[in-house]
Amino acid sequence: MGGGAARSSCPLRLERRLLLLLLGLCRWTAALRGNDNSEALPESIPSAPGTLPHFMEEPDDAYIIKSNPIVLRCKAMPAMQIFFKCNGEWVHQNEHVSEESMDETTGLKVREVFINVTRQQVEDFHGPEDYWCQCVAWSHLGTSKSRKASVRIAYLRKNFEQDPQGKEVPIEGMIVLHCRPPEGVPAAEVEWLKNEEPIDSNLDENIDTRADHNLIIRQARLSDSGNYTCMAANIVAKRRSMSATVVVYVNGGWSSWTEWSNCNARCGRGWQKRSRTCTNPAPLNGGAFCEGMSVQKITCTSLCPVDGNWEVWSEWSVCSPECEHLRVRECIAPPPRNGGKYCEGLSQESENCTEGLCIQDIETASDIALYSGLGAAVIAVAVLVVGVTLYRRSQSEYGVDVIDSSALTGGFQTFNFKTVRQGNSLLLNSSMQPDLTVSRTYSGPICLQDPMDKELMTESSLFNPLSDIKVKVQSSFMVSLGVTERAEYHGKAHSGTFPHGNSRAFGTIQARNKATYIQNLSSISTRSELKTTAIFGHLGGRLVVPNTGVSLLISHGAIPEESSWEISLSITQKESSLQPEGTDVLLGPEVTCGPSDLSVSTPFALTIPHCAEVNSEYWNIHLKKRTQQGKWEEVMSVEEETTSCYCLLDPYACHILLNSFGTYALIGEPISDCAVRQLKVAVFGCLSCNSLDYNLRVYCMDNTPCAFQEVVSDERLQGGQLLEEPKLLHFKGNTFSLQISVLDIPPFLWRIKPFTACQEVPFSRVWCSSQKPLHCAFSLERYTPATTQLSCKICVRQVKGHEQILQIQTSILENERETIAFFAHDDSNFPAQMGPKAFKIPYSIRQRICATFDTPNAKGKDWQMLAQKTCINRNLSYFATQSSPSAVILDLWEARHQHDGDLDSLACALEEIGRTHSKISDITEPEIEEPDFNYSRQNGL
């Protein structure tokens, strides 16, 4: 019985255990199904002894990108079960994916569980915190919980909270570019780009990108200029900010002063100067120009040179055994000082002291033979010279045979003279052998300084002595020996050009799309007073001396309101009272504007043409003014920077801004042998009183319109005709002479008077001509009256310098002659223009420009940029002293463009500055139209 009772109690205990286990499982299953929402977890599951679960892998924070679900995983050991709990609620077991394995080392069970979390689940959760999930693992001893992993929806908004802004900073200044990226999850990372290239702050210690997404450049360099972009990116997208332009500018700095120049006066009071340039550093990227003067002048006094002079002779010395005594003197009365010349002559003198009574023996008999032979040779040479001279004087008639110059294209033409055959004085036989005995140099009045009141040259006048002019005639034999000097032919000279391609070279044909005024010689009046007078008021105006290149611009507001002034502009036609010193040259006409007692409130612009080839390395050009006492004083040097006046030197004219009227002139001081004076070469021709003779007159004048007009007026009085378009000759200040010759005359139709085919003019006469044109005449003779056509070449060249050849092809008959047209500006019809019609820029537009550019901005004065864009780059301190710098700059532009009015170039300059976006030519201005003047606005104005 007892044994049976014991056996019966064992099954009861087993059944009770099973019931308890089933009950626990039921409760646990109910909890998993959600029937029990409490936080309570089973304390333990009955099991065999062991350890608590240890998490080998816990769930990580995750982001849902777009609509893609994320996977959370969890791994624990030892673990009988692992389940996820999200936002405090158990995840259904069907949503779990579990894997079970055995750890080979410990033999414990390893369980790994996965769940998916969708975007919809996260969006549907509206708790106070982010969506989260946690792992719970069971073992025999109890449970363990993992860390909470948050799940968020990733995004990145489009717009930056703060875009970087462009900056203009000085060099070595600090640059800070701020960037606040768009809002996003996860937070965006920021990267900086420069000119689309990533910036690596690790490679450049000067750049820091770590401070709150900002870009910091500690010391700005020129290389730091560029376009900067802030790039924001996270796991969802990338965003670009607006580009910020950074400009690192450099303000100009003065270089060191140069050494003081030598005193410009060789003797007495003068001045010396020193200069500096705005290049230390030069202004870059809109930096401010240097302030102050670039040239300083001080007075100086040069010690005048003192030439040495001999003292009186000493007493004669005692008579020597050679029967001579001596006396001496020294150059000490006074001695030469300050570069003066040493005394000329001998410092020692000797003579026989026995009055010839002392006889010395001749050393050898050979001395007697030597002295005898020398005496005989001298006598023979004297007899030969006398004989040749008598023979040449007996030869009275000469003909001329012109050698073809095809072999001497650019050289100096030579001629072969020979005796004319008896019986036919007009026949030239080309087969005759040249007479090589004739090769002479003659002097005669070939070149006339002033063509007025001079009779045409005759053959007899060619032999009048004139010491400073030589006419060289060489035989063909000397040509064959290569004795003659020839220069290479350089072709036609290229005329200079003005800025923007506007050439001011009178006498040259320009291919431009503008109406060109063509006038011939008949349209220029005879010599008259070159003066223009008009009455101006508050609106200003322009005065022009026709066909001279001289003009005067009175700006708007220069004359007080309700006032009218009579202003004149004239050119001195008589010999100028200004006499340049040394090699200085008068470069243009002497111009008078007045009356001299008037003063204007704003500067007026005076334009004077000049003949210098502009180069500051070769020329030092000065502006001089005549005082009331008739003396000339220097106003300024063109390269000098001053606030009293302003000079702008263009290739063919000088534009001067002045505040006082008077008489002004330009003086050029050559500082190198390469200094070039531009000469215009023109050829005129007319029949002489003898019907068979034809006269060619070659003029070399300054390349200024007024000099050419003077020649044209003189030739009209003499009946001359322009035979070829004038050409430009570059005459250097190298002291070499000028040669003029006639080439390629038809040998059987024409002949030239003897000894006149080649003419040479000394350098000093060409260089220091004082504005008077050089005039050389050639006389040609026809063999028969039936010859009416003349074809030849005129070669004008400077020895070792430039050369020009003028091809003459004309008819000597008046009715058959072709008119040679030359080009000039159409300013003769309107020598005076008053009010708005005198200006190219309409007044209302001018006011708008001045109001815009006279206003200061962060970079300084806008008028400085206007000056630079209109090619005004020096002496800006002058404009800074004016009440309206922009107005004075525009007046200077008006003076420079009075003939072309290139408003398109001005509009382009304004657009480049960025202060206007519409062309001036698109703006109409009806207020300035005058019914009594046919004023056509160019370019649509």
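Residues numbered from 1 in each chain as written. Predicted model: local features only at pLDDT ≥ 70, side-chain atom pairs only at ≥ 80, totals over all residues. Heavy atoms only, no water.

## Focus on the packing of aromatic side chains
Note the threshold: Here a pair means two rings of Phe, Tyr or Trp (six-membered ring of Trp) with centres within 6.5 Å. Their orientation is stacked below 30 degrees between planes, edge-to-face above 60, and tilted elsewhere. Note on conventions: DSSP H or I runs of at least 4 residues are helices, E runs of at least 2 residues are strands, and numbering of each starts at the N terminus. We call a residue buried when its accessible area falls under 20% of the maximum for its residue type, exposed when it is over 50%, and partly exposed in between, using a 1.4 Å probe and counting protein chains only. Two limits define a charge over a ring: the Lys NZ or Arg CZ must be within 6 Å of the ring centre, and within 35 degrees of the ring normal.
Scanning the model with the defined rule gives 14 aromatic pairs in all. Judged by centre distance (5.9 Å) and plane angle (70°), the ring pair of F83 and W138 falls under edge-to-face. Here the residue F83 occupies a position in strand β4 (residues 81-86), and W138 occupies one in strand β8 (residues 131-138), the gap between them amounting to 55 residues. According to the relative accessible area criterion, F83 is buried, its value standing at 5%. When the centroid spacing of 5.7 Å and the interplanar angle of 15° are considered together, the rings of F731 and F763 count as stacked. With F731 in strand β46 (residues 727-732) and F763 in helix α6 (residues 763-767), this pair connects stretches of sequence that are 32 residues apart. Taking relative accessible area as the criterion, F731 reaches 0% and is therefore assigned buried. Residue F763 is classed as buried on the basis of its relative accessible area, which comes to 12%. Three or more aromatic residues joined by ring pairs form one cluster here, namely W619, F731, F763 and W767. Lying across the ring of Y646, R874 places its NZ or CZ 5.6 Å from the centre.

## Thoughts on the sheet that holds strand β6 (residues 97-102)
Inclusion rule: For two strands to be treated as a pair, DSSP must find at least two bridges joining them. The axes are straight lines fitted to the C-alpha atoms, using for helices just the contacting stretch, and the angles between their N-to-C directions are given from 0 to 180°.
The strand order across the open sheet formed by 4 strands is β1-β3-β7-β6, and the pairing between neighbours is antiparallel. Single-partner strands in this sheet number two, and they are β1 (54-57) and β6. This sheet shows a mean twist of 25° between the axes of neighbouring strands, independent of strand direction. Pairing geometry for strand β3 (residues 70-77) and strand β7 (residues 109-117), over 7 bridges, is antiparallel. Looking at the pairing, R73 lines up with F114 of β7.

## Some thoughts on a nonpolar patch on the surface
Condition: What goes into a patch is any residue over 30% in relative accessible area without a salt bridge, connected to like charges within 9 Å or, for nonpolar side chains (Val, Leu, Ile, Met, Phe, Trp, Tyr), within 5 Å. All accessibility values rest on the Shrake-Rupley procedure with a 1.4 Å probe; residue burial counts only the protein chains present in the view. In the sections that follow, a salt bridge refers to a side-chain nitrogen of Lys or Arg positioned within 4 Å of a carboxyl oxygen of Asp or Glu.
Residues I171, L222 and L284 make up a contiguous nonpolar surface patch of roughly 230 Å² in combined accessible area. Within the secondary structure, L284 is located in the loop between β21 (268-275) and β22 (295-302).

## Some words on the state of the cysteines
Inclusion rule: Working definition: a disulfide is two cysteine sulfur atoms within 2.5 Å of each other.
Applying the stated criterion to the full structure yields 7 disulfides. The disulfide that involves C86 links it to C133, with 2.0 Å between the sulfurs. Judged by the sign of its S-S torsion, about 105°, the cystine formed by C86 and C133 is right-handed. Here C86, found in strand β4, pairs with C133, found in strand β8; they are 47 residues apart in sequence, far enough to count as distant. Classification of C86 by relative accessible area gives buried; the value is 8%. Disulfide partner of C319: C353, at an S-S distance of 1.7 Å. Residue C319 is located in the loop between β22 and β23 (324-328), and its partner C353 is located in the loop between β24 (348-352) and α3 (365-394); the two are separated by 34 residues in the primary sequence. Of the residues examined, C319 reaches a relative accessible area of 38% and is grouped as partly exposed.

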